[in-house]
Amino acid sequence: MSKKLNLAVFISGSGSNLQSIIDACEAKDYPAKVKLVVSNNPEAYGLVRAKNANIPSVIINHKSFKTRHDFESAITKELTKQPIDLICLAGFMRILTADFISQWPDQIINTHPSLLPKFGGEGMFGDNVHKAVIAAGETQSGASIHYVIPEVDKGRLIAQISVPVLENDTYETLGERVRAEEHELYVNAIKKIAVERT
Ligand code: GAR
């Protein structure tokens, strides 16, 4: 197999997507490895997941910086300590500036818990998405993996999967069903990119 893709995974919370990426990377033939986990939230459970897997992590708390530029400069400083090929946003709840994104052309991807372009954009994240899907009476939801561009949730799609919205769904039950599919979707999307590029 050719060279593995070096990943930096950005998280803010539970990190269940991070876990599925870590698990996939354990397979010898999976074409990527997690080199660094970046969290803006010191309390993120994903940091425990990284530690358990012996993956270096860094907390860059946005609250400690005066400007988004300063926050992102601190992230960049960490990223440039080693070769990173792909940044995977996995429940990272900060919007990245155009400035930062332009430093990583086609090298930042994100997972979003809906069938984009539906239920995307600013304010649509995490459970808010599932609540909005249920409130709108949708019968299908899903997850989307896409490239990150400055327009929130508008970048080119890499992969998408549908899941049914059931009559008695709460945002929690729908969220669980979406996440179960999202985990596999994300792992497969990273693999697809790795195979294309290495
Ligand atoms: C995931 O469902 C992800 O799609 C969503 O947050 C959840 C994080 O879960 N991301 C967004 O809504 C970004 N707009 P996790 O921390 O368990 O991976």
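The structure under discussion appears in the preceding block.
Residues numbered from 1 in each chain as written. Predicted model: local features only at pLDDT ≥ 70, side-chain atom pairs only at ≥ 80, totals over all residues. Heavy atoms only, no water.

Quick look at the packing of aromatic side chains now. Counting across every chain of the model gives 2 aromatic pairs. Between Phe 65 and Phe 71, the aromatic rings sit 6.1 Å apart at their centres with planes inclined by 55°, giving tilted as the arrangement. Looking at Phe 65, the relative accessible area reads 28%, which means it is partly exposed. Overall, the relative accessible area of 4% leaves Phe 71 in the buried class. Sitting above the plane of the Tyr 171 ring, Lys 131 keeps its charged end 4.5 Å from the centroid. (Phe/Tyr/Trp six-rings, centres within 6.5 Å; stacked < 30°, edge-to-face > 60°. Buried < 20%, exposed > 50% of the residue type's maximum accessible area, 1.4 Å probe, protein only. Lys NZ or Arg CZ within 6 Å of the ring centre and 35° of its normal.)

Here we take up the packing of helix α5 (residues 127–135) against helix α6 (residues 171–197). Put simply, α5 and α6 touch, their axes get as near as 9 Å, and they point 115° apart. With respect to α6, the element α5 is oriented roughly perpendicular. Relative to α6, the crossing made by α5 is right-handed. Contacts between α5 and α6 pair Asp 127, His 130, Lys 131, Val 133 and Ile 134 from the former with Tyr 171, Leu 174, Gly 175, Val 178 and Arg 179 from the latter. Residue composition of the contact of α5 with α6, by class: 5 nonpolar, 2 polar and 3 charged. (Axes fitted to C-alpha atoms, helices over the stretch in contact; angles between N-to-C directions. Helix = DSSP H or I, 4+ residues; strand = E, 2+ residues; numbered from the N terminus. Parallel < 35°, antiparallel > 145°, perpendicular 65-115°, else oblique. Left-handed = near helix turned anticlockwise from the far one by under 90°. Contact = heavy atoms within 4.5 Å. Nonpolar A, V, L, I, M, F, W, Y, C, P; charged D, E, K, R; others polar.)

This part covers the packing of helix α1 (residues 16–25) against α6. Where α1 contacts α6, the two axes come as close as 9 Å, and the packing angle between them is 45°. By the angle class used here, α1 and α6 are oblique. Handedness of the α1/α6 crossing: right-handed. Only Arg 179, Glu 182, His 183, Tyr 186, Val 187 and Ile 190 of α6 make contact with α1, whose side of the interface consists of Ser 16, Asn 17, Ser 20, Ile 21 and Ala 24.

Before going further, it helps to spend a moment on the sheet that holds strand β5 (residues 108–112). To summarise the sheet geometry, strands pair through backbone hydrogen bonds and adopt either a parallel or an antiparallel arrangement. As summarised here, the arrangement of the 7 strands in space is β3-β2-β1-β4-β5-β6-β7, forming an open sheet in which the pairing is mixed. Of all the strands in the sheet, the pair left with one neighbour each is β3 (57–59) and β7 (157–164). Averaged over all neighbouring strand pairs, the angle between strand axes comes to 20°, with direction disregarded. Helix α3 (residues 68–79) rests against β1 (5–11), β2 (32–39), β3 and β4 (86–89) of the sheet, and its axis sits at about 150° to β1. Most of the contacts of α6 go to β7, to which it runs at about 155°, and overall it touches β1, β2, β4, β5, β6 (140–147) and β7. (Pairing = 2+ DSSP bridges.)

Of all 5 residues in β5, 5 are buried; the element is thus mostly enclosed. Residues Ile 108, Asn 110 and His 112 line one face of β5 and the alternating positions Ile 109 and Thr 111 line the opposite face, and both faces are buried. Where β4 and β5 come together, 3 bridges link them in parallel fashion. Bridge pairing in β5 places Cys 88 opposite Ile 109. The pairing of β5 with β6 spans 4 bridges and is classified as antiparallel.

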